[in-house]
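# Tertiary structure, described
Listed below, chain by chain, are the residues.
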Amino acid sequence: MFGKLFTRIANHVALAAGKPLTFVLCCLIVITWAVTGPIFGFSDTWQLIINTGTTIITFLMVFLIQNTQNRDSVAIQAKLDELVRVGKARNAFIGIEHLPEEEVEQFRERCEAAAKKANKLLAERKTDKSTQPRRPSKTPKSKAKTQA
């Protein structure tokens, strides 16, 4: 129950935080605060207001954004795992995100090496095809006479 409520709130707040209007409103708050500085004599209370407000908002936003990022990552990983499972890729890649960083790096290096090898083979095939002379098309003589 609490998890679903938190997820809904986190989604709405993260979505709202990424909107241009939210950025503009935050800029207006900072400008208003700066303009009121001379009115309040740049007092300690005046400074404390912006410092406290920004600290609280930043503290809360870190957790909300991290929550949405974690869920997005898990969802994307599940989708990728399903594609690997049903496709021609090796199932050994499923779940590698749970391995230590060194082992994940080894998987990445193997993938990069395989991609370079595949690109090299494709380039060689292209070169072979472009250097071979084209063969004339063979049209049967009987058809050639009837077409004339």
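Our subject is the structure that appears above.
Below: a short report on this structure. (Residues numbered from 1 in each chain as written. Predicted model: local features only at pLDDT ≥ 70, side-chain atom pairs only at ≥ 80, totals over all residues. Heavy atoms only, no water.)

Helix and strand counts for the chain stand at five helices and zero strands. Beginning at the N terminus, the succession of helices and strands in the chain can be written as α-α-α-α-α. For the chain, the residues scored as buried account for 9% of the 148 residues in total. In the chain, of all internal contacts separated by at least 6 residues, the share reaching a separation of at least 24 is 34%. Counting every atom, the chain has about 13100 Å² of accessible surface; 65% of that belongs to carbon and sulfur. (Helix = DSSP H or I, 4+ residues; strand = E, 2+ residues; numbered from the N terminus. Buried < 20%, exposed > 50% of the residue type's maximum accessible area, 1.4 Å probe, protein only. Contact = heavy atoms within 4.5 Å. Areas by Shrake-Rupley, 256 points an atom, 1.4 Å probe, with all protein chains shown as cover.)

Following both chains from N to C, one finds helix α1 (residues 2-17) and helix α3 (residues 44-86) inclined at 105°, their axes separated by 9 Å at the closest point. One way to sum up the angle between α1 and α3 is to call them roughly perpendicular. Of the residues in α3, those touching α1 at Phe-6, Thr-7, Ala-10, Asn-11, Val-13, Ala-14 and Ala-17 are Met-61, Leu-64, Asn-67, Thr-68 and Arg-71. Its residues assigned to classes, the contact of α1 with α3 shows seven nonpolar, four polar and one charged. (Axes fitted to C-alpha atoms, helices over the stretch in contact; angles between N-to-C directions. Parallel < 35°, antiparallel > 145°, perpendicular 65-115°, else oblique. Nonpolar A, V, L, I, M, F, W, Y, C, P; charged D, E, K, R; others polar.)

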